[in-house]
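One letter stands for each residue in the lines below.
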Amino acid sequence: MPAKLIKGTEISKQIREEITREIEELKSKHGVTPGLATILVGDDPGSKVYVGQKEKACNNLGIYSERTDVPADTSEADLLDLVKKFNDDPKIHGILVQLPLPKHIDASRVIYAIEPDKDVDCFHPVNVGKLMIGTGRFLPCTPHGILELLKRSDITTEGKHVVVVGRSNIVGKPIANLMLQPSPGGNATVTLCHTGTKDLATYTRMADILIVAVGHPKTITAEMVKEGVVVIDVGVNRTGKTPEGKAILSGDVDFDAVQEKAAAITPVPGGVGPMTITMLMKNTVEAAKASI
Ligand code: GUN
């Protein structure tokens, strides 16, 4: 039987309704409007789209948004000054510097420069450390989105074997950490696989919950999963264009074949993707609340 679809678009809409109510309360009770500053360096088309989507989400929800686009040859010192300006601005509760940055800028220096209380991406080492010990205010957006997808689909993680494929700082490492925390939504046994893993399928076949974030289409085939697995596909790969010139997106999982064996699976698009920006909005609201 084909798998149940975990519909990120619908769950994201539900969470945005909850966030809207929180924002209304912040405004009426405390006179505080959450504010997000986004910084885009250069004109990478993909990054432009993402920053545009973040701006639009702010506008739709009533979050104050300040977008700064600077040229690709902006110096690291100028970018650090810009971050400092937003660190000191009380209207701004969250700062997001879109990655990747041009090669002449050291991304980790820029991330270190963001005030941890305004680090709504949860990329600052202080927040990464807090996440590891389970005391963080912010959770990184995509992993947080995955937790919400599972929770709101009534999929428990307690005692399950979660296999994560991909060890990026943005998805693989933090989601593996969250899954092993001794708290609701975690308490799983976690295996983290990566490009150095020998015989990947041995591990993926053991997964009760398989989370894939590698950036290559069809990395996970039907032969690599067991019956009844829950699959979270974080990949967004552009695999072609429609006759109208629109990008065709596919995940890291061979969706058509794997859905025949899985109990539940996220589609691409419409699975994890919509959750990331929603959780960024949530973090901005949390930062605004903490500022009161
Ligand atoms: N580039 C790709 N994903 C992200 C993200 O979640 N945050 C930022 N700042 N840049 C990104």
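Computed from a predicted structure; not experimentally measured. Every chain begins its residue count from 1, and numbering advances along the sequence as written. Where totals are concerned, whole chains, interfaces and linings use all residues; where local detail is concerned, this predicted model gives features only for residues with pLDDT of at least 70, and gives and counts side-chain atom pairs only at 80 or more. With hydrogens and water stripped out, all remaining heavy atoms of the structure feed into the side-chain values.

### Notes on the pattern of salt bridges
By definition here, a salt bridge exists when the distance from a side-chain nitrogen of Lys or Arg to a carboxyl oxygen of Asp or Glu is within 4 Å. In this structure the tally under the stated criterion is 15 salt bridges. Between D88 and K84 there is a salt bridge whose closest N-O contact spans 2.8 Å. Burial classification: accessible surface area is computed with a 1.4 Å probe over protein chains only, and a residue below 20% of its type maximum counts as buried, one above 50% as exposed, and the rest as partly exposed. Judged by its relative accessible area of 46%, K84 falls in the partly exposed class. One network of salt bridges, with partners in common, ties together E18, E148, K151 and R152.

### A look at helix 3 (residues 76-87)
Elements are defined by DSSP. Helices are runs of H or I of four residues or more, strands are runs of E of two residues or more, and each kind is numbered from the N terminus. By definition here, a helix of n residues has an expected span of 1.5 Å times n minus one. For helix 3, with 12 residues, the first-to-last C-alpha span of 16 Å sits near the 16 Å given by 1.5 Å per residue. Among the residues of helix 3, those classed as buried are E76, L79, L82, V83, F86 and N87. With its buried residues spanning 145 degrees around the axis, helix 3 presents them on a single face. The arc in question is the one spanned by the directions pointing from the helix axis to the C-beta atoms.

### Thoughts on the site of the ligand
Around the ligand, the neighbouring residues are L96, V97, Q98, L99, D121 and F123. Counted as a polar contact is a pair of N or O atoms within 3.5 Å, where, for protein atoms, one must be capable of donating a hydrogen and the other of accepting one, and residues adjacent in sequence contribute only when both atoms are in side chains. Take L99: an N or O atom from its main chain is 2.9 Å from a nitrogen atom of the ligand. Note that a nitrogen atom of the ligand is positioned 2.7 Å from one of the side-chain N or O atoms of D121. Using a 1.4 Å probe, the Shrake-Rupley method yields the accessible areas, and only the shown protein chains count as cover for residues. Protein burial of the ligand: of its 280 Å² of free accessible surface, 79% is covered by the chains. Whether a residue is near a molecule or strand is decided by its heavy atoms; if any one of them lies within 4 Å of it, the residue is near.

### Describing the sheet that holds strand 7 (residues 209-212)
Here, strands pair whenever DSSP counts at least two bridges between them. If you trace the 6 strands from one edge of the open sheet to the other, you get 1-11-8-7-5-6, paired in parallel fashion. At either end of the open sheet lies a strand with only one pairing partner, and these are strand 1 (4-5) and strand 6 (189-193). Both strand 7 and strand 8 (residues 230-233) contribute to a ladder of 4 bridges, which runs parallel. Across the sheet, the residue bridging to V212 is D233, located in strand 8.

### Details of the sheet that holds strand 3 (residues 64-70)
Judged by pairing direction, the sheet is parallel, and its 3 strands sit side by side in the order 3-2-4 without closing on themselves. The open sheet has two edge strands with one neighbour each: strand 3 and strand 4 (94-97). When the angles between neighbouring strand axes are averaged without regard to direction, this sheet yields 15 degrees. One ladder, built from 7 bridges, connects strand 2 (residues 35-41) with strand 3; its direction is parallel. Pairing of T38 across the sheet is with R67, part of strand 3. A fitted line through C-alpha atoms represents every axis, and for helices the fit uses only the stretch in contact; the resulting angles, taken between N-to-C directions, go from 0 to 180 degrees.

### Thoughts on the nonpolar core
Nonpolar side chains in soluble globular proteins generally cluster together in the buried interior. By nonpolar core we mean a set of buried residues, namely Ala, Val, Leu, Ile, Met, Phe, Trp, Tyr and Cys, connected to one another through side-chain atoms within 4.5 Å. By size, the foremost hydrophobic cluster in this structure holds 48 residues, and its most contacted members are I146, I211 and M281. Only helix 1 (8-30), helix 2 (45-61), helix 6 (141-152), strand 5 (161-165), helix 7 (172-180), strand 7, strand 8 and helix 10 (273-290) provide two or more residues apiece to this core. Residue contacts are defined here by distance: any two heavy atoms, one from each residue, within 4.5 Å place the two residues in contact. Setting aside residues up to four positions removed in sequence, I211 forms contacts with I146, V162, V163, V164, V165, I175, M179, I232 and V234. With 18 residues, the next largest nonpolar core counts A3, C193, M224 and A262 among its residues.

### Topic: the pairing of strand 5
Counting buried residues in strand 5 gives 5 out of 5 residues, a clear majority hidden from the surface. Of the two faces of strand 5, both are covered, the one formed by H161, V163 and V165 as well as the one formed by V162 and V164. We call a crossover right-handed when, viewed with both strands directed away from the observer, the connection leading from the first strand over the helix to the second proceeds clockwise. Handedness of the strand 5-helix 7-strand 6 crossover: right-handed. As defined by bridge partners, strand 5 adjoins strand 7 across 4 bridges and the pair is classed as parallel. Along strand 7, the bridge assignment pairs V163 with L210.

### A short note on the side chain of T266
Structurally, T266 is set in the loop between strand 11 (264-265) and helix 10. Judged by its relative accessible area of 0%, T266 is buried. T266 has contacts with I6, L149, V231, I232, D233, F255, G271 and V272, leaving out every residue within four places of it along the chain.

### Thoughts on the packing of helix 2 against helix 10
Direction vectors running N to C along helix 2 and helix 10 enclose 55 degrees, while the axes themselves pass 10 Å from each other. With respect to helix 10, the axis of helix 2 lies oblique. Read as a crossing pair, helix 2 and helix 10 show a hand that is right-handed. Across from Y50, Q53, K54, A57, C58 and L61 in helix 2, the residues of helix 10 making contact are I277, L280 and M281. Polar here means any residue outside two lists: the nonpolar Ala, Val, Leu, Ile, Met, Phe, Trp, Tyr, Cys and Pro, and the charged Asp, Glu, Lys and Arg; Gly therefore counts as polar. Residues belonging to the contact of helix 2 with helix 10 are distributed by class as follows: 7 nonpolar, 1 polar and 1 charged. The labels follow the angle: roughly parallel below 35 degrees, roughly antiparallel above 145, roughly perpendicular from 65 to 115, and oblique for the rest. Note on convention: near helix rotated counterclockwise from far helix by under a right angle means a left-handed crossing. Clockwise means right-handed.

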